[in-house]
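Single-letter residue listing:
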Amino acid sequence: MIANLIDGLLWNISLVVFAVGVSWKMLSIIFAKRPVDLSVARASSIPGAIKTVFTRFKPAAGMASRIQMKIVAGYMFHLGLFALMFFAAPHVRFLDNEFLGFSWTAMPHSAFIISAQFAFLGLLMLWLYRVLDPVSKLISTTGDHVASILTFVVMLTGCLALLESFSELRLLHRFSVELFLIYFPFSSLMHTFTFIPSRAFTGAWFGRRGISS
Amino acid sequence: MIKFVVSRQLRLLPGLLSVFLVLLFISLPQPGIADEHQKVEGISNKNPGADLWRNVRQRDQELLGSLKSNSQGSSQVKSVDSKMLINQQGDLWARFRMEQLIKYGMMSLGGILILILVFYLLRGRVNIDGGLSGNMVHRFNSYERVLHWVLALVFLFLAITGLTLLFGRTLLIPVMGHELFSVIASSSKEGHNLFGPIFLVSVVLMLIRFVKKNIYAKGDLTWLLKGGGMIGKSHVTGGFFNMGEKSWYWLVILIGLLISISGLILVSPNFGQGRVIMELSHVVHAAGALILIAVSFGHMYLGTVGTEGTNESMRTGYVDISWAEAHHDRWAKECHEKQLIVSAEQYAKLQGRNPINSEDSLSLEKNQ
Amino acid sequence: MARMKFYCDAERCIECNACVTACKNEHEVPWGVNRRRVVTIKDGEPGERSLSVACMHCSDAPCAAVCPVDCFYTTDDGVVLHDKDICIGCGYCFYACPFGAPQFPSDAAFASRGKMDKCTFCAGGPEDDHSSAEYKKYGRNRLAEGKLPLCAEMCSTKALLAGDANMVSDIYRKRIVNRGASVMNWGVSYDNAKLRTR
């Protein structure tokens, strides 16, 4: 009963909410009215846009030493999560069966575990920093905490189900993923999709003014 | 493992000793009798079957026999310990785990909890003489606090999952039945295996970060002799870390490394280590973890309800200067000299609170 | 009720490994898992003997004692079986077993051992007899068909005996008598047997 609900209806609902929510949000950002830029173009904005998407992967020169831990933890978490999501054997199988109809080489089990460990350590450090540092504590909203904790719960239920033999644990993981997908479009988790356009927008703005950044 | 076998036999020791003494007395040569007996040679017809069964049992294997036993057989099946017919230590280990580890583990953890409760009822919270001043001094930066809580959360998770696997059969199966406990045990095992290496990383980061401040120094012995100020009223001295904190630190580092390494041996059977090594690793892992968990109860108690003003140091990174004077007088003196003390108003501002109304400003922290 | 036992006659085992092969074939055992193995002692030396060893279905089984999820049970026939739906693949039974009977499909790092697999005395598992789920997890249930374990049934020298403990010991006792009665004559048994028949 609950199993059918989680595997069937709730899964479809969460997918629809996720897809509609994300596309609606992205489209509304892209088609939002922007003030007309009255400045005289010194250079083309496109190279600036492309360049900034990549230069922002590196911390700003003056900041690097101050935010060392967040940079390291941030990369650990994001790269670890990326590897987990798209190269863990059960995920590759799942994507193949449910959506794509084709698959790619998955990571060996030990590499999967190690990337999970990176992701967990990174996420733990980042969330604890959010709670313990007075400044980041002040600027964090409830939504940020919920997003962090939901991500953590998704990863945790996934790692608890690693033996892949108890349907209860798989359902728990899937249920947490569904909550995550439903919450996704309404939260700061949207940065998964918005980070490139927002960097590009800033880059275009700078590029047009001939600012190198 | 040997230790546990010996200890069981130790109980028999007085009895055995007296029997031995009586026998010794009787067997003393008594004049006139001894020479009349002719010595009769035993029949030295060797039983050829005995050799075979001695080899089958592989009795001459050392404790680490699976490593380098020359009495190993050979087998076409190539897998871990496939050449060994009988593993002598297996049953010993099983009995140690089921009869001693689980029993004494439960007793010691429960005992520590009761001890802490009794101590709390007798002594109560250890307060600062003259109360907190409200003036703060910076103690741990955000990286140090993050590190502490990463280690703490990972440790808690590992402790809960590990104890579930150790005590679950005794405590949980009767309550929830085999099927449900199996789900919980499986998730505990997988989670435990995944988080273990994170624990190792955080212990190593902890070692690197705090090793300098935790080297034992002059005055630590007197701290110990005075019972750390918990017993009696005499004042104790301490630097940035006092003797008790240093000892807890080294316990975490040393036992933490020990259980991490033995855990890694247990978690990676792909290197072909034999069962005997696995059994020894398990003993080290379980015993070390139980010690660490038992002492961590004390640490958690002291960090929260046990002493006044301690928990702030790992929450905001600041401590009250009176707290520092009470527990770390030499460090407090240093802070006074360097004028590092922050007033209550400044502290509230640093924490993002409204400095005018710093008493109950926590609720106003946001949305104002 | 019968009390099932294996016995391997070291005087007869010729290390042909047919029991190992038969077991693997009968139960479609996964790669890397060997429910039965033959160990040769003093290989190439005087006094060389071989023994075929698998789960001995102990009366007081250490694996069952140590299992953290308590997945072992003993059938009415005295066969020690385990429930793979309960097993979590921790490996403790492998550490505790004196004979190295518990096997795991994988030995990759981070203990992805998979569920334990061991000799079932060809008695399947907790699932319904002859069901496909039982066959997939535990292999053939020959005992329910009224047959004995295949390893012993097809042993060419009848070194490996399986069945009710009393029957096995009767057969073995007769052999000993025929070999010249005493363990003192171990190793020269066939010569003595020849003398006796003459």
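Rules used throughout
- Residues numbered from 1 in each chain as written.
- Chains lettered and ligands numbered in written order.
- Predicted model: local features only at pLDDT ≥ 70, side-chain atom pairs only at ≥ 80, totals over all residues.
- Heavy atoms only, no water.
- Axes fitted to C-alpha atoms, helices over the stretch in contact; angles between N-to-C directions.
- Helix = DSSP H or I, 4+ residues; strand = E, 2+ residues; numbered from the N terminus.
- Parallel < 35°, antiparallel > 145°, perpendicular 65-115°, else oblique.
- Left-handed = near helix turned anticlockwise from the far one by under 90°.
- Pairing = 2+ DSSP bridges.
- Contact = heavy atoms within 4.5 Å.
- Buried area = accessible area lost by both parts, 1.4 Å probe.
- Salt bridge = Lys/Arg side-chain N within 4 Å of Asp/Glu carboxyl O.
- Polar contact = N/O pair within 3.5 Å; in protein donor to acceptor, adjacent residues only side chain to side chain.
- Buried < 20%, exposed > 50% of the residue type's maximum accessible area, 1.4 Å probe, protein only.
- Nonpolar A, V, L, I, M, F, W, Y, C, P; charged D, E, K, R; others polar.
- Core = buried A, V, L, I, M, F, W, Y, C linked by side-chain atoms within 4.5 Å.
- Patch = residues over 30% accessible without salt bridge, like charges linked within 9 Å, V, L, I, M, F, W, Y side chains within 5 Å.
- Areas by Shrake-Rupley, 256 points an atom, 1.4 Å probe, with all protein chains shown as cover.
- pLDDT = per-residue confidence, 0-100.
- Bend = angle between axes of the 7 residues up to and from the residue.

**Some thoughts on the packing of helix H6 (residues 142-171) of chain B against helix H7 (residues 173-210) of chain B**
All names here are of chain B. Running from N to C, H6 and H7 cross one another at 150 degrees; their axes reach a closest spacing of 6 Å. For the element pair H6 / H7, the angle class is roughly antiparallel. For the pair H6 and H7, the sense of crossing is left-handed.

**Details of the sheet that holds strand S1 (residues 74-75) of chain B**
One open sheet accounts for 3 strands, arranged S1(B)-S2(C)-S3(C); its pairing is antiparallel. A strand with exactly one partner marks an edge of an open sheet, and here the two such strands are S1 of chain B together with strand S3 (49-53) of chain C.

**Here's the deal with the interface of chain B and chain C**
Listed per partner, the contact involves 49 residues of chain B and 48 residues of chain C. Carbon and sulfur atoms supply 61% of the area that chain B and chain C bury against each other, a total of about 4100 Å² over both sides. Three residues stand out in chain B for area buried against chain C, namely Leu85, Arg169 and Arg275 of chain B, and they jointly supply 15% of the buried area on that side. Across the contact surface, chain B and chain C share 1 salt bridge. For Asp70 of chain C, the salt bridge goes to Arg169 of chain B, with nearest N and O atoms at 3.1 Å. Across the contact surface, chain B and chain C share 16 residue pairs in polar contact (both at pLDDT 80 or more). Listed by contribution, the elements that provide at least two residues to the side of chain B that touches chain C are helix H3 (48-57), S1, helix H5 (88-123), H6, H7, helix H9 (243-267) and helix H10 (275-306) of chain B. For the side of chain B that touches chain C, the leading source of residues is H7 of chain B, giving 10 residues.

**Some points on the side chain of Lys189 of chain B**
Along the chain, the position of Lys189 of chain B falls in helix H7. A polar atom in the side chain of Lys189 of chain B sits 3.2 Å from the backbone oxygen of Gly89 of chain C.

**A closer look at unusual backbone geometry**
Residue and element names in this part refer to chain C. The backbone of His57 sits at a positive phi, close to 50 degrees, despite the residue not being glycine. You can see His57 is positioned in the loop between S3 and helix H2 (62-66). For His57, a relative accessible area of 1% corresponds to the buried category. With a phi close to 65 degrees, His130 is a non-glycine residue in the positive phi region. For His130, the location among the structural elements is in the loop between helix H3 (92-96) and helix H4 (132-138).

**Considering the side chain of Thr40 of chain C**
Tracing the backbone shows Thr40 of chain C in strand S2 (residues 37-41). Assessed through its relative accessible area of 0%, Thr40 of chain C is described here as buried. A distance of 3.2 Å separates the side chain of Thr40 of chain C from the side chain of Glu15 of chain C, its partner in a polar contact. If sequence neighbours within four positions are ignored, Thr40 of chain C has contacts with Gly73 and Ser74 of chain B together with Glu15, Glu48, Arg49 and Ser50 of chain C.

**Some thoughts on the interface of chain C and chain A**
Between chain C and chain A, the contact holds 9 residues from the first and 8 residues from the second. Between chain C and chain A, a total of about 570 Å² is buried, with carbon and sulfur atoms accounting for 77% of that surface. Remark: the boundary between chain C and chain A carries 0 salt bridges. Here chain C and chain A share 1 residue pair in polar contact (both at pLDDT 80 or more) between them. Grouping the amino acids of the side of chain C that touches chain A by side-chain chemistry returns 5 nonpolar, 2 polar and 2 charged.

**Some words on the nonpolar core**
The biggest cluster of nonpolar side chains holds 102 residues, and the ones touching the most others in it are Phe195 and Phe199 of chain B. If near-sequence neighbours (up to four positions away) are discounted, Phe195 of chain B is found in contact with Phe120, Phe152, Leu156 and Cys159 of chain A together with Val154, Phe157 and Leu158 of chain B.

**Observations concerning the pattern of salt bridges**
Taken as a whole and judged by the stated rule, the model has 24 salt bridges over all chains. The shortest N-O distance in the salt bridge between Asp7 of chain A and Arg170 of chain A comes to 3.0 Å. Within this pair, whereas Asp7 of chain A is found in helix H1 (residues 2-7), its partner Arg170 of chain A is found in helix H9 (residues 167-183), the two being separated by 163 residues in sequence. Glu145 of chain C is paired through a salt bridge with Lys147 of chain C; the nearest N and O atoms lie 3.1 Å apart. Judged by relative accessible area, which is 37%, Glu145 of chain C ranks as partly exposed. Exposure remark for Lys147 of chain C: the relative accessible area of 37% places this residue in the partly exposed category.

**Details of the packing of helix H8 (residues 142-160) of chain A against H7 of chain B**
In helix packing, the relevant descriptors are the interaxial angle and the interaxial distance, both defined with respect to the helix axes. At a closest axis distance of 7 Å, the pairing of H8 of chain A and H7 of chain B adopts a crossing angle of 110 degrees. The angle between H8 of chain A and H7 of chain B places the two elements in the roughly perpendicular class. Of H7 of chain B, the residues touching H8 of chain A (which contributes Phe152, Leu156, Cys159 and Leu160 of chain A) are Ser186, Ser187, Glu190, Gly191, Leu194 and Phe195 of chain B. The class makeup of the residues in the contact of H8 of chain A with H7 of chain B is 6 nonpolar, 3 polar and 1 charged.

**Some thoughts on the environment of Lys78 of chain B**
Relative to the helices and strands, Lys78 of chain B is located in the loop between S1 and H5. For Lys78 of chain B, the side chain forms a polar contact with the main-chain oxygen of Ser75 of chain B, separated by 2.7 Å.

**Details of the pairing of strand S1 (residues 4-8) of chain C**
Residue and element names in this part refer to chain C. Along S1, the buried face is formed by Met4, Phe6 and Cys8; none of Lys5 and Tyr7, which line the opposite face, is buried. Here S1 pairs with strand S6 (residues 160-164) via 5 bridges, running antiparallel. The residue of S6 that forms the bridge with Met4 is Asp164.

**Digging into a nonpolar patch on the surface**
Residue and element names in this part refer to chain A. Among the surface-exposed residues, Ile46, Ile50, Phe54, Phe57, Tyr75 and Leu79 lie close enough to one another that they form a single nonpolar patch of about 630 Å² accessible area. Ranked by residue count, the leading element in the nonpolar patch is helix H3 (residues 45-55), at 3 residues. By secondary structure assignment, the location of Phe54 is in helix H3. With relative accessibility at 55%, the residue Phe54 sits in the exposed group.

**Describing the confidence of the model for chain C**
Residues at a pLDDT of 70 or more form 87% of chain C, whose mean pLDDT is 84. Interface confidence in the predicted complex, given as ipTM, is 0.89; pTM for the same model is 0.85.

**Description of H6 of chain B**
Residue Leu165 of chain B marks the point of greatest curvature in H6 of chain B, where the axis turns by about 45 degrees. Of the residues flanking the start of H6 of chain B, the one acting as N-cap is Asn141 of chain B, its side-chain oxygen 3.1 Å from the backbone nitrogen of Tyr143 of chain B.

**Side note on the confidence of the model for chain B**
Residue and element names in this part refer to chain B. Of all residues in chain B, 75% have pLDDT values of 70 or greater, and the mean over the chain is 79. When pLDDT is averaged over each element of chain B, H6 comes out on top at 93 and helix H4 (residues 65-68) at the bottom at 48. With pLDDT under 50 throughout, residues 62-70 is counted as low confidence; its partners more than four residues away or in other chains account for 15 contacts. In the model, residues 358-368 has pLDDT below 50 throughout and makes 13 contacts with residues more than four positions away in sequence or in other chains.

**As for the sheet that holds strand S4 (residues 341-342) of chain B**
Sheet strands associate in pairs through backbone hydrogen bonding, adopting either a parallel or an antiparallel arrangement. Residue and element names in this part refer to chain B. Pairing within the open sheet is antiparallel, and its 3 strands lie in the order S3-S2-S4. Two strands close off the open sheet at either side, each with one partner strand: strand S3 (318-320) and S4. By the bridge criterion, 3 bridges tie strand S2 (residues 136-138) to S3 in an arrangement that is antiparallel. Within S3, the position partnered with Met136 by the bridge is Asp320. Along the sheet, helix H13 (residues 329-338) contacts S2, S3 and S4; its crossing angle with S2, the most-contacted strand, is approximately 95 degrees.

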